[in-house]
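Overview (structure and organization)
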Amino acid sequence: MSVVEFADAQWTRARGAGIDPDEYRRVTEGLGSVADWVPALRRTGQAWLERADPVGAPQAAGERLLMAARWFHLATLAPGAEAHEAAAEADAALARALGLLEPGARRVEGEGFTGWLRGPVDAPGTVIIVPGLDSAKEEFLDLAAALLARGLAVFAMDGPGQGVLAGSTALTPEYERVVGRVVDALGVERVGIVGLSLGGYHVGRAAALEPRVAAVAAVSGAFRLDWEELPPPVRDIIAWRAKGEDAARDFVRRADLTELAPRISAPLLVVEGDADVIPGVTNCEPLAKLAPRGSFVSVPGGDHLIGNVRDAWLPRLTDHFAQTLTGATA
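Summarised in this report is the structure supplied together with it. (Residues numbered from 1 in each chain as written. Predicted model: local features only at pLDDT ≥ 70, side-chain atom pairs only at ≥ 80, totals over all residues. Heavy atoms only, no water.)

1. A word on unusual backbone geometry
Positive phi is not limited to glycine here, since Lys243 has a value of about 70°. Looking at where Lys243 falls in the secondary structure, it is placed in the loop between helix H9 (232-242) and helix H10 (245-254). For Lys243, a relative accessible area of 42% puts it in the partly exposed group. (Helix = DSSP H or I, 4+ residues; strand = E, 2+ residues; numbered from the N terminus. Buried < 20%, exposed > 50% of the residue type's maximum accessible area, 1.4 Å probe, protein only.)

2. Observations concerning the pattern of salt bridges
Taken as a whole, this structure holds 24 salt bridges when the rule is applied. One salt bridge connects Arg42 with Glu89, and the closest N-O pair in it is separated by 2.8 Å. Here Arg42, found in helix H3 (residues 37-50), pairs with Glu89, found in helix H5 (residues 83-101); they are 47 residues apart in sequence, far enough to count as distant. A relative accessible area of 13% places Arg42 in the buried class. For Glu138, the salt bridge is made with Lys137, and the minimal N-O distance between the two is 2.9 Å. By the burial criterion, Glu138 is buried, and Lys137 matches it. Residues participating in the shared-partner salt-bridge network are Asp91, Arg107, Glu109, Lys137, Glu138 and Asp158. (Salt bridge = Lys/Arg side-chain N within 4 Å of Asp/Glu carboxyl O.)

3. Considerations on the environment of Asp311
Checked against the element boundaries, Asp311 lands in the loop between strand E10 (294-299) and helix H12 (314-326). It is 26 Å that separates the C-alpha atoms of Asp311 and Val213, two residues lying 98 residues apart in sequence.

4. A look at empty space enclosed by the protein
Inspection of every chain in the model, using the stated rule, returns two cavities of 30 Å³ or more. In this structure, the largest cavity encloses a volume near 50 Å³. Taken together, the elements giving at least two residues each to the lining of the largest cavity come down to H5 and H9. Considering every element that reaches the lining of the largest cavity, the biggest residue donor is H5, with three residues. Here the lining of the largest cavity is built from residues that sort into five nonpolar, five polar and two charged. Lining the second largest cavity we find Leu94, Leu98, Trp116, Arg118, Lys137, Leu141 and Ala156. Secondary structure elements with two or more residues in the lining of the second largest cavity: H5 and strand E2 (113-118). Of the residues belonging to the lining of the second largest cavity, the class tally is five nonpolar, no polar and two charged. (1 Å grid on protein atoms, 1.4 Å probe; cavity = no way out; pocket = protein on both sides within 12 Å on 5 of 7 lines; lining within 4 Å. Points joined across faces, edges and corners; volume = space filled by probe spheres on them. Nonpolar A, V, L, I, M, F, W, Y, C, P; charged D, E, K, R; others polar.)

5. Some details on the pairing of strand E6 (residues 213-219)
Consecutive side chains along a regular strand alternate between the two faces of the sheet. Within E6, seven of the seven residues are buried, which leaves it mostly tucked inside the rest of the structure. Where strand E5 (residues 191-196) and E6 come together, six bridges link them in parallel fashion. What sits directly across from Gly195, in E6, is Ala218. Bridge count for E6 against strand E8 (residues 268-273) is four bridges, and the pairing is parallel. Bridge pairing in E8 places Ala218 opposite Val270. (Pairing = 2+ DSSP bridges.)

6. Quick look at the nonpolar core
Across soluble globular proteins, nonpolar side chains have a tendency to be buried as a group. With 49 residues, the main nonpolar core has Ile128, Phe155, Met157, Ile193, Phe251 and Leu287 as its most contacted residues. Beyond its immediate stretch of four places on either side in the chain, Phe155 contacts Val108, Phe113, Thr114, Gly115, Trp116, Leu117, Val127, Ile128, Ile129, Val182 and Leu186. In terms of nonpolar packing, the next biggest core, distinct from the first, is built from 37 residues, Ala14, Ala61, Ala68 and Trp116 among them. (Core = buried A, V, L, I, M, F, W, Y, C linked by side-chain atoms within 4.5 Å. Contact = heavy atoms within 4.5 Å.)

7. Some words on the sheet that holds E8
What links the strands of a sheet is backbone hydrogen bonding, and the strands pair in either a parallel or an antiparallel sense. Spatially, the eight strands line up as an open sheet ordered E1-E2-E4-E3-E5-E6-E8-E10, and their pairing is mixed. With partners counted over all chains shown, the strands left at the sheet margins are strand E1 (106-110) and E10, one partner each. The mean inter-strand angle of the sheet, taken between neighbouring strand axes irrespective of direction, is 20°. Against the sheet, helix H6 (residues 141-149) makes contact with E2, strand E3 (126-130), strand E4 (153-158) and E5, and its axis sits at roughly 170° relative to E3, the strand it touches most. (Axes fitted to C-alpha atoms, helices over the stretch in contact; angles between N-to-C directions.)

8. A look at the side chain of Asp276
Among the secondary structure elements, Asp276 is positioned in the loop between E8 and strand E9 (281-283). This buried residue, Asp276, is left without a salt bridge; Arg13 holds the nearest opposite charge, at 11 Å. Polar contacts involving the side chain of Asp276 include one to the side chain of His304, which spans 3.0 Å. Excluding anything up to four places from it in sequence, Asp276 contacts Ser220, Asn283, Gly302, Asp303 and His304. (Lys, Arg positive; Asp, Glu negative; His and termini not counted. Polar contact = N/O pair within 3.5 Å; in protein donor to acceptor, adjacent residues only side chain to side chain.)

9. Some points on the layout of surface pockets
In this structure, the largest pocket encloses a volume near 1,100 Å³. For the lining of the largest pocket, the secondary structure elements donating two or more residues are helix H1 (3-17), strand E7 (222-225) and H9. If one sorts the elements of the lining of the largest pocket by residue count, H9 sits on top with seven residues. Grouping the constituent residues of the lining of the largest pocket by class yields 25 nonpolar, ten polar and six charged. Space inside the second largest pocket adds up to approximately 250 Å³. Considering the residues around the second largest pocket, the lining is formed by 15 residues, among which Pro120, Val121, Thr126, Ala153 and Val188 are closest to the centre. A class-by-class count of the residues in the lining of the second largest pocket yields eight nonpolar, four polar and three charged.

This is the structure:
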């Protein structure tokens with residue numbers, strides 16, 4: 001894949017993450033190859049860090065640190081020895097940003113997970129945001145903001161093989177165990193949980209097997225995977241995240257929600273873009289059909305992660321959690 005094709009493939013994802021389109025073009029149009037992606041985007045993140053002077057302007061500094069976190073995360077989307085360093089930089093920038101913007105935000109960590117708990121201490125409900133194969137807690141800041149605006153608490157996390165934990169942990173199919181440990185650490189009786197991309201598989205499995213999940217949503221989720229049909233770049237990412245091809249093949253073999261979907265008792269919302277087609281990935285529409293309380297939203301023209309038409313589904317998703325967890329209406 002050429003660097004132009006790679007940048008085009010990440011375009012709506014970057015926009016959905018909150019990157020300025022003009023800056024994205026300026027940064028990516030000058031790249032000579034995909035090998036230039038990681039260092040160039042890290043330099044852009046560093047430039048945002050250097051502009052984040054908290055003296056006299058803590059709000060502006062915090063917002064610039066959030067932008068740095070976004071750029072550092074996007075740097076991790078291409079293969080390269082620097083990707084782990086970029087993930088650590090994204091994590092550090094987010095921590096600094098929340099320290100300025102939300103002093104009450106709390107880092108919560110445990111076996112196989114790390115993340116930030118944000119929102120009021122007396123929030124009527126808590127939603128866990130689960131990233132996908134190569135996404136991380138820094139990518140879905142807009143989703144977190146939309147949920148926080150509804151008065152909910154939000155725990156945006158990295159799990160095994162994800163984000164800042166990608167270098168030290170391996171992708172696992174048994175994500176319900178991770179979610180169980182998260183709920184224990186948060187000290188709440190029940191949670192909502194939303195997963196994006198492969199995170200849709202993770203939350204579907206968790207909702208079927210962890211009884212404290214009271215509301216669930218999957219966005220551009222994976223219902224079932226087929227190793228032989230997956231594009232080689234996707235197989236390579238899974239193998240890297242799972243720490244080897246054998247482990248990756250085993251993960252893909254087990255990634256099937258057919259038997260678990262009928263066990264999801266919580267209200268479930270599945271959101272898919274109708275232009276989102278990845279060979280070897282069955283999208284989550286069958287999950288909505290098989291789950292007893294499932295509902296399905298198809299977004300016309302929506303691509304993977306539906307970053308190109310955010311307003312077509314994000315309000316519906318926040319309504320789903322607010323109504324299910326608190327009884328509130330829009």
